[in-house]
Amino acid sequence: MKKTLFIIAMLPLWLTALADRPQFGQQPKLVVGIVVDQMRWDYLSRYYDKFTDDGFRRLIDDGFSCDNCLINYFPTITAIGHTSVYTGTTPAFHGICGNNFFIDGRATYCTDDSTVAAVPADSPAGKKGRMSPRNMLSTTIGDQLRLHTDFASKVIGISYKDRAAILPAGHAANGAYWLDTKGLQFITSTYYCNDLPDWVKQENRRLKQNSEAQKAGADIGLYPLCGTITTDMAIAALKGEQLGKGKQTDMLCVSYSQTDVIGHKYSTRGEHTDQAYLQLDRDLGRLLKALDAQVGQGNYLLFLTADHGAAHNFQFMQDHKMPAGKWEDPGVKNSVEAYIAKKLGNTKPVILAEQDYRYYLDRPSISSQGLDYEQVKAAAIECLRQLPHVQFVVDFERAAQQPLPPVIRERALMGYHYRRSGDILVVPEPGYYTFGRWSSPIGTTHGEWNPYDAHIPLLFFGWGVSHGATSREVHINDIAPTVCQMLHIQQPNACTGEAITEVTDHQ
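Residues numbered from 1 in each chain as written. Predicted model: local features only at pLDDT ≥ 70, side-chain atom pairs only at ≥ 80, totals over all residues. Heavy atoms only, no water.

Participant: Just to check I follow, could you spell out the packing of aromatic side chains for this structure?
Facilitator: When we look at a pair of aromatic rings, we describe it by the centre distance and by the angle of the planes. In the structure shown here, the tally under the stated rule is 14 aromatic pairs. Taken together, a centroid distance of 6.3 Å and an interplanar angle of 45 degrees make the contact between Tyr300 and Phe461 tilted. One end of the pair, Tyr300, is in strand 11 (residues 300-306); the other, Phe461, is in strand 19 (residues 458-462), and 161 residues separate them in sequence. A single burial state applies to Tyr300 and to Phe461, both of which are buried. Chaining the aromatic ring pairs together yields one cluster made of Tyr43, Tyr47, Phe51, Phe56 and Tyr277. Sitting over the ring of Tyr48, Arg57 keeps its end group 4.5 Å from the ring centre. (Phe/Tyr/Trp six-rings, centres within 6.5 Å; stacked < 30°, edge-to-face > 60°. Helix = DSSP H or I, 4+ residues; strand = E, 2+ residues; numbered from the N terminus. Buried < 20%, exposed > 50% of the residue type's maximum accessible area, 1.4 Å probe, protein only. Lys NZ or Arg CZ within 6 Å of the ring centre and 35° of its normal.)

Participant: Would you explain the side chain of Asp37 in this entry?
Facilitator: Examined against the element boundaries, Asp37 turns out to sit in the loop between strand 1 (30-36) and helix 2 (43-46). A polar atom in the side chain of Asp37 sits 3.4 Å from the side chain of Thr78. Within the structure, Asp37 has its side chain in polar contact with the side chain of His308 (distance 3.1 Å). Once residues lying within four places of it in the same chain are set aside, the contact partners of Asp37 are Thr78, His82, Lys161, Tyr256, Ser257, Thr259, Asp260, Tyr277, Asp307 and His308. (Polar contact = N/O pair within 3.5 Å; in protein donor to acceptor, adjacent residues only side chain to side chain. Contact = heavy atoms within 4.5 Å.)

Participant: Can you walk me through the sheet that holds strand 18 (residues 455-456) in this structure?
Facilitator: Within a sheet, adjacent strands bond to each other through the backbone by hydrogen bonds, running parallel or antiparallel. The sheet built from 3 strands is open, its strands ordered 18-3-21 with mixed pairing. The two strands at the open ends of the sheet, each matched to only one other strand, are strand 18 and strand 21 (474-475). (Pairing = 2+ DSSP bridges.)

Participant: Sorry if this is basic, but what is going on with empty space enclosed by the protein here?
Facilitator: Empty space left among the atoms is revealed by rolling a probe the size of a water molecule over them. Across all of its chains, the model carries 1 cavity of 30 Å³ or more by this definition. Elements supplying a minimum of two residues to the lining of the largest cavity: helix 11 (258-266) and helix 12 (271-294). In terms of residue class, the lining of the largest cavity is built from 4 nonpolar, 5 polar and no charged. (1 Å grid on protein atoms, 1.4 Å probe; cavity = no way out; pocket = protein on both sides within 12 Å on 5 of 7 lines; lining within 4 Å. Points joined across faces, edges and corners; volume = space filled by probe spheres on them. Nonpolar A, V, L, I, M, F, W, Y, C, P; charged D, E, K, R; others polar.)

Participant: Can you walk me through the sheet that holds strand 13 (residues 351-355) in this structure?
Facilitator: Pairing within the open sheet is antiparallel, and its 4 strands lie in the order 13-14-16-15. Edge strands, defined here as strands with exactly one partner in the open sheet, are strand 13 and strand 15 (390-395). Across this sheet, the average inter-strand angle for adjacent strands is 20 degrees, counted without regard to direction. When strand 13 meets strand 14 (residues 358-361), the two strands line up antiparallel, connected through 4 bridges. Bridge assignment links Ala353 to a residue of strand 14, and that residue is Tyr360. The sheet contacts of helix 16 (residues 373-386) involve strand 14, strand 15 and strand 16 (424-428), and relative to strand 15 the element is tilted by about 170 degrees. (Axes fitted to C-alpha atoms, helices over the stretch in contact; angles between N-to-C directions.)

Participant: Please explain the packing of helix 11 against helix 12 as it appears in this structure.
Facilitator: Between two packed helices, both the angle of their axes relative to each other and the distance between the axes serve to describe the pair. Where helix 11 contacts helix 12, the two axes come as close as 9 Å, and the packing angle between them is 170 degrees. With respect to helix 12, the axis of helix 11 lies roughly antiparallel. Residues Gln258, Thr259, Ile262 and Tyr266 of helix 11 touch helix 12, and the partners they reach there are His272, Thr273, Ala276, Tyr277 and Leu280. (Parallel < 35°, antiparallel > 145°, perpendicular 65-115°, else oblique.)

Distances and angles like these do not, on their own, reveal function.
Below you can see the structure in the form of structure tokens.
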């Protein structure tokens, strides 16, 4: 009897919930993807009480949180993270193997494209404006959306960094815009258009009148103001392109980069990092209000995540009696070269480069000196294994057969592209990281498998999303198939992730 009465009492609520759920074929008016560069997962709880009700707390309190989202490849780097979020796959398939990497021995920046030019043509950015997504081997959410709607959908990418605007937006994007810090203006390339749209020109005029931005100059990435400018540009794109106003679903990809620049300089603790995230919270609140006004509450689907996290500064950890330290790459490379020369007798260098804990062997040099590639690689691995604070050394090509812990083996395989990832992967002990170009003495960096680098936030909000959370392990490449399933469109063409059913089944 009690069970029957309970069912009768709950029936109106269930019917209402079913009526509100999107039906098959229904889509939101707009999808908004937000990536916060270098955001650790624990920042959500660290700053929760300081966040306003309009930004992060709105996403957490009204949205769905995947509390155990991990990056499942090596290395954890900006360009790879942004690409993996939107392609639903990893470097093994999408081919973006770092911010910088080698393709068949040729040094490559992830979005370099010598066949295009900067727009506007008089931009002082020069080569930094010659960018496109052509080095990316797979499609993105936006590409699939454009295909599904016979290219009626609009897809726009916005960021301070070129790679963070270009790679998320995809190959078929209507536009991608990034900040030329020398000219203090947003630019694009002829891959997308030959002249900036009027709304971009108008936003650039506003930016040039911003006295704070002028004062910051080329170092603007070190200021929370950079995030405010990114938000201004995102709102300008929303209005200028009339996103969410057409018959088909549009997409806006926004990446906040100042958090990464500030983190490298000042690390994970302190007033600079605090200011960056509290200002970002306010900027997110402004963006959400603009979305509400332009598209309407409940009419847009939004997700927020990060491309990677960051380690605590090693000196900070040592001061608190915890294991950590610096691992200096230039000295290591020279030591390995000397070891190989002593063992094999070569007179010329055989290591092309070290990037992101990966060693690229110089195959032409090895061949020209009559050396055996496998012997050179074995000698390099032998040397690296003897160095202090090295936990594992992986022969990339043979990672599947090596006696490695599953977490190392699987992430190495998912991060390995034969033509682009190099030959050897070094895994330092926990807390040890490269101390060099991208980390100041009081700052930090990222790139490793450890939770501080690989555990990232993942929030879904808005259209078709019920409030809740899951602690089940999910991965960065699960984001794209989740969004695509909610939109009822095909996954990106190299997708290896799986839809997060806790999100999709509660639509």
